[in-house]
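# Overview (structure and organization)
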Amino acid sequence: MVQSLRITFLLGCVLRITTAGFGSAVKIDVTSQYHHDAVPTSFNIRCELDNTGSCGDKVILIQLAKNDNKIIASVQGSESFIHNHLLDSSMLVEGQINQIDGQSYLSVTIKDAVKEDSGLYTCSAMFLDDMGHMREEKSSKNITIENQDVQDLIKFLLSKLTFMESLVKFNENKTNEQISQLQTTVNNLGTQLQEQENTMRQLERKQNTVSAFYATLQYNYKSLAKGDVLKFDNVQTNIGDDYDETTGVYKAPVHGLYTFQAFLMTRAGSGRREVQVRMYVNDNATSALMAENTDLYDQSSVTIVVELKSGDVVKCKVRFVLNIKSRPHSSPYTGFSGHLIKVLN
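Here the residue numbering is sequential within each chain, running from 1 through the sequence in written order. Local features are withheld for residues below a pLDDT of 70 in this predicted model, meaning they are given only at 70 or higher, and side-chain atom pairs are given and counted only at 80 or more; totals for whole chains, interfaces and linings count all residues. As a rule here, side-chain values come from all non-hydrogen atoms in the structure, and water together with hydrogens is ignored.

### Thoughts on the packing of aromatic side chains
Test applied: Two rings from Phe, Tyr or Trp (for Trp, the six-membered ring) form a pair when their centres sit within 6.5 Å of each other. Planes less than 30 degrees apart are called stacked, planes more than 60 degrees apart edge-to-face, and all others tilted. Only DSSP runs of H or I reaching four residues or more are called helices, and only runs of E reaching two or more are called strands; each is numbered from the N terminus. Relative accessible area decides the class of each residue, using a 1.4 Å probe on protein chains only: under 20% of the type maximum gives buried, over 50% gives exposed, and in between gives partly exposed. Only when the NZ of Lys or the CZ of Arg is both within 6 Å of the ring centre and within 35 degrees of the ring normal is a charge said to sit over the ring.
Counted according to the given criterion, the structure contains eleven aromatic pairs. Ring centres of Phe-43 and Tyr-121 lie 6.3 Å apart, and the angle between their planes is 80°; on these two criteria the pair is classed as edge-to-face. Of this pair, Phe-43 sits in strand S4 (residues 40-49) while Tyr-121 is found in strand S10 (residues 119-128), placing the two residues 78 residues apart along the sequence. For Tyr-121, a relative accessible area of 1% puts it in the buried group. Taking 4.9 Å as the distance between ring centres and 5° as the angle between the ring planes, the aromatic pair formed by Phe-213 and Tyr-243 counts as stacked. Remark: Tyr-243 occurs in strand S14 (residues 243-244) and Phe-213 occurs in strand S12 (residues 212-216); sequence separation between them is 30 residues. Clustering of aromatic rings is evident, with ring pairs tying together Phe-213, Phe-232, Tyr-243, Tyr-250, Tyr-258, Phe-260 and Phe-336. A cation over an aromatic ring shows up here: Arg-46 above the ring of Tyr-105, its NZ or CZ 4.2 Å from the ring centre.

### Overview of empty space enclosed by the protein
A probe as big as a water molecule, rolled over the atoms, marks out the empty space that is left. In plain terms, the rule: Cavities and pockets were defined on a 1 Å grid built over protein atoms only: a cavity is a set of grid points that admits a 1.4 Å probe from which the probe cannot escape, a pocket is an open set flanked by protein on both sides within 12 Å along at least five of seven lines, and lining residues are those with an atom within 4 Å of any such point. Grid points are joined across faces, edges and corners, and a volume is the space filled by probe spheres set on the points.
One pass over the structure, following the stated rule, counts one cavity of 30 Å³ or more. Of the volumes computed, that of the largest cavity is approximately 30 Å³. As for the largest cavity, its lining consists of Leu-230, Phe-232, Ala-262, Phe-263, Leu-264, Val-277, Leu-289, Cys-316 and Gly-335. With three residues, the single largest contributor to the lining of the largest cavity is strand S16 (residues 256-266).

### Some details on the pattern of salt bridges
Basically, it comes down to this: Salt bridge, as used here: a side-chain nitrogen of Lys or Arg that lies within 4 Å of a carboxyl oxygen of Asp or Glu.
Per the stated rule, a full pass over the model turns up four salt bridges. Its salt-bridge partner being Glu-137, residue Arg-135 comes within 2.4 Å of it at the nearest N-O pair. We classify Arg-135 as partly exposed; its relative accessible area is 27%. Judged by relative accessible area, Glu-137 falls into the partly exposed class, the value being 22%.

### Details of the state of the cysteines
Heads up, the rule is: By disulfide we mean two sulfur atoms from cysteines, separated by a distance within 2.5 Å.
Summed over the entire model, instances satisfying the criterion amount to one disulfide. Here Cys-47 pairs with Cys-123 through a disulfide, and the sulfurs are 1.6 Å apart. Judged by the torsion about the S-S bond (-60°), the Cys-47/Cys-123 disulfide is left-handed. Here Cys-123 lies in strand S10 and Cys-47 lies in strand S4, a separation of 76 residues in the sequence. Here Cys-47 and Cys-123 have matching classes, each one buried.

### Side note on the nonpolar core
Note the threshold: The criterion is simple. A nonpolar core is a set of buried Ala, Val, Leu, Ile, Met, Phe, Trp, Tyr and Cys residues joined through side-chain atoms within 4.5 Å. Whether two residues are in contact is decided by their heavy atoms, any of which lying within 4.5 Å being enough.
Residues Phe-232, Tyr-258, Phe-260, Met-279, Leu-308 and Phe-336 are the most contacted members of the largest nonpolar core, which totals 31 residues. Counting residues per element, the ones that place at least two in this core are S12, S16, strand S17 (273-281), strand S18 (284-293), strand S19 (298-308), strand S20 (313-321) and strand S21 (335-343). Once residues lying within four places of it in the same chain are set aside, the contact partners of Leu-308 are Ala-252, Val-254, His-255, Gly-256, Tyr-258, Phe-260, Val-281 and Val-314. Core analysis: the next-biggest nonpolar cluster, separate from the first, contains 26 residues, Val-59, Leu-106, Ala-113 and Phe-127 among them.

Given below as structure tokens:
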């Protein structure tokens, strides 16, 4: 009766085991030990006694031999002395002889097995009965290590290489993705920081904004009509250039609190004369001034304080003119001025 076992080794070998010696009190087992790749790299031979023989028999010696003549290791005596006869560091030997419960064994592990480790391995045990007679029982297993097919080994190694390449590629892609995400985050933070800096600069510029003007009429109007915008063309102050003398319009540079003043004088002469002017914010009249006279000069003025948004306009428009003789006096008796009091957020 024969048992066979095929085991693939890391170095491309096959382990075949043939068992002989059934019925003996000595039992021999061969097992393989595995590498982390699930490929065996060594095998273990265990010589174990099924019992101690007849009642009163004592076990004197257990030993393992290769090819019937080379003793590899043994355990003997009441002190359970273990001896590696080959003094081979590639073999791990352990065992014991126990006369009380019969648990006696010898275990030999052959590491990094190669073809030269093939052979017939025999476990033998020596017994001593009450009459002083010695007897020996043994059991053997033939272990053959052969070269594996080279193509199978190449396929195995290629599969491992492909797996490692895939793992490296995966890690590279993951790393590149993380780098890309980090770069995007850095860019976004840089953009936000730049926007905040621009906002701070704009706020600082607004807070430091200065806007003021003062202008009067440089010449006498020969005639006026309702709806005309008075163009104060003699500009004496225009900080910020927010007043346009060609249109007579002031344009607010920022959101803020402003004050404006306008004063008007009519020319003296025979007959009754009257001019009415209104100050407008955008298209809304906010105040009015009127100058009326006959033979004497007459002057009127108005001051307003108003909140303006950036882009709002302020101007003076004619509301009423009595006749062609009614017209404002030129500089410095008729003028328009204003300035920014405080920037508002």
